[in-house]
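Fold and geometry: a report
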Amino acid sequence: MEKDFSLRELNTFGFDVKAKYFQELKTPDDVRLLLENNIFRQCFDGDRVLILSGGSNVLFRNDVYDGFVVYPNFKGVETIEDTGNQKIIRCFGGEVWKDFVDFTVAEKLYGLENLSDIPGKVGAAPVQNIGAYGAEVKDVIYQVHTIDLTSGKTKVFTNEECKFSYRSSVFKELKVKRGELRERGFYPLIFAVDFVLKKNGELKLDYGNIRNNLISKNITNPTIQDIADSVKEIRKEKLPEVGVVGSAGSFFQNAIISMDKYLKLKALYPEMPSYPVNGQEVKVPTGWLIDKAGWKGYRENHVGVWDKQALVLVHYGSGKPLEIIELMEKIQHSVKEKFGIGISPEVNIIC
Ligand code: EPU
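Note that the coordinates shown come from a computational prediction; the quantities given were computed from them, not determined experimentally.

Now for the overall build of the chain. Assigned secondary structure in the chain consists of ten helices and 20 strands. On the principal axes, the C-alpha backbone points of the chain span a range of 60 × 50 × 40 Å. When the accessible surface of the chain is split by element, carbon and sulfur atoms take 48% of a total near 16500 Å². With 47 positive and 48 negative side-chain charges, the chain shows a separation of 2 Å between the mean positions of the two kinds.

Here it is as C-alpha cells:
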C-alpha cells in the first residue's frame, strides 16, 4: 500500500491529485491481502473507497482523495470458447482497451471495431457501457467477472444482470450514488470481461462520418480493419490526444428531452441534429447545444472547451480540478438559459 500517492498519471485530465491510500492489485492474492488490510476496511466502512481503472472518465473534485484508491491491474487475454461463428474471449480488466480492440481486429473478429482507440482499460468498459460510432459495448459483452469487496466472494454478472443502458450499468451506480448493489451490501470489483465476437458479422457503417471517410479513401468493400482505421482517423480529427492534452472525452451526456420540448426547439433551430429514442423522447447532442451557446474553443486560464468538439472540456496543464468544475457550471447554466435543457456530466466526479 502507498500513502499520498500521486494520481497524475492515472487520470487523463492530468490533474496532480493525491490519494491518501493507494493499492495496485495484480493477482487474486493481492485482493485477499487488501480485504485483510485494516486501513482498507476502515475506509470501506466509511464509504471512502474508489476503484480506479484507466482514469479516462473521472474528475477528482479536490486536490486530495481522502480515502483508499484501489487500482486493479489484472492482465491476460484468453479464448474461452470457439464454436461455429463465434468466439468468447476473456480479457482481464487491466488490459488497455484500445490494444485489446486492435487484437480482436487483427484476429478478424467482428464486434469491437467501432470502439477503436477509446482510452481506458477493459475493466471499466462495462461500467459506463462505452459507446461510439453506432456501437455500444453491451452488445458484445457476454458476462462480467467480479469480486465482491464486502465478502471477498466472486460473482459473475450475465449481460442482463449488468442492466446496461446509455452510458450506464448497475456498476456505474456504485460510483455515482450508493445504488442497488450497495444497498444489498455488495461492492463488485471487475476483474475480467468475457466478450462474444463473431467470425463473420455485419459492419456498422451508418454513423455518417464512417461512410464519408471510406468514400474519401475509395473503399467500397470495407473490412473490419478499414472500419477501425476510419474510426481512428475520425477520432483524431475531433478529440484531443490522450497524454498530450488533458481531457476525459465527452464531459457531458447527450441530452434526452421530451418530444414536446424537441418540437418547440426544432421550430426555433431547424438545423438542430437529433436521434430518436422512443415515441416520447428525443436525444439531442449536447455538443451541438454547447457549440450553439458559443462555448466552442473558449479558454479560461488552464482549462477550456475543445475547439473541434464542444462536448469535451480540456485541461491545458498546471490547473486545478475546481477550474473544470467552475467551467462545467457556467456551461450548464448557459445551456439551461438558452435552451431550457439541463445537461449532466458523463464523467464521474469524485468528491
Ligand atoms: N456537434 C456540433 N458541435 C460540436 C460537437 C458536435 O454541432 O462542437 C454536432 C455534430 O455535428 C453532430 C452531433 O453534434 O451532428 C453529434 O456529434 P458527434 O457525432 O461528434 O458525437 P457526440 O454525440 O458529440 C458521442 C459520444 C462520444 C462518441 C461519439 C461518436 C456521448 C456523450 N458521446 O458524441 O463518446 O465518440 O458520439 O460516436 O455519447 C466519450 O464518451 O468520451 C465519447 C467521446
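What the rule picks out here adds up to 22 aromatic pairs. Each ring, one from Phe44 and one from Tyr187, has its centre 5.5 Å from the other, and the planes form 70°; the classification is edge-to-face. Of this pair, Phe44 sits in helix α2 (residues 38–45) while Tyr187 is found in the loop between α5 (179–183) and β12 (188–198), placing the two residues 143 residues apart along the sequence. Both residues of the pair, Phe44 and Tyr187, belong to the buried class. Judged by centre distance (6.3 Å) and plane angle (75°), the rings of Phe74 and Phe191 are edge-to-face. Taken together, the positions of Phe74 in the loop between β5 (64–72) and β6 (77–83) and Phe191 in strand β12 put the pair 117 residues apart, joining distant regions of the chain. The exposure class of Phe74 is buried, given its relative accessible area of 6%. Phe191 sits in the buried class, given a relative accessible area of 18%. A connected cluster of aromatic rings, assembled from ring pairs, spans Tyr21, Phe40, Phe44, Phe68 and Tyr187. Above the plane of the ring of Tyr166 lies Lys283, whose end atom (NZ or CZ) is 3.7 Å from the centre.

Attention now goes to the environment of Asn213. With respect to the helices and strands, Asn213 occurs in helix α6 (residues 208–216). Residues Asn213 and Ile234, spaced 21 residues apart in sequence, show a C-alpha to C-alpha distance of 7.8 Å. Excluding its chain neighbours within four sequence positions, the residues that come into contact with Asn213 are Ser230, Glu233 and Ile234. Polar contacts involving the side chain of Asn213 include one to the side chain of Lys217, which spans 3.1 Å.

Mapped onto the elements of the fold, Val127 is located in the loop between α3 (97–106) and β8 (131–132). A sequence separation of 32 residues divides Val127 from Glu95, and the C-alpha atoms of the two residues are 15 Å apart.

All right, on to α3 then. Burial in α3 covers these residues: Trp97, Phe100, Val101, Thr104 and Val105. Projected down its long axis, α3 shows its buried positions confined to an angular sector of 140°, all on one face. Contacts from the buried residues of α3 go to β6, β7 (86–92), β12 and α7 (224–238). Among the residues trailing α3, Lys108 stands out with phi positive, at a value near 60°.

So, how was this worked out
- Residues numbered from 1 in each chain as written.
- Predicted model: local features only at pLDDT ≥ 70, side-chain atom pairs only at ≥ 80, totals over all residues.
- Heavy atoms only, no water.
- Helix = DSSP H or I, 4+ residues; strand = E, 2+ residues; numbered from the N terminus.
- Areas by Shrake-Rupley, 256 points an atom, 1.4 Å probe, with all protein chains shown as cover.
- Lys, Arg positive; Asp, Glu negative; His and termini not counted.
- Charge placed at Lys NZ, Arg CZ, Asp CG, Glu CD.
- Phe/Tyr/Trp six-rings, centres within 6.5 Å; stacked < 30°, edge-to-face > 60°.
- Buried < 20%, exposed > 50% of the residue type's maximum accessible area, 1.4 Å probe, protein only.
- Lys NZ or Arg CZ within 6 Å of the ring centre and 35° of its normal.
- Contact = heavy atoms within 4.5 Å.
- Polar contact = N/O pair within 3.5 Å; in protein donor to acceptor, adjacent residues only side chain to side chain.
- Arc of directions from axis to C-beta.

Treat this as a map of the structure, not an account of what it does.
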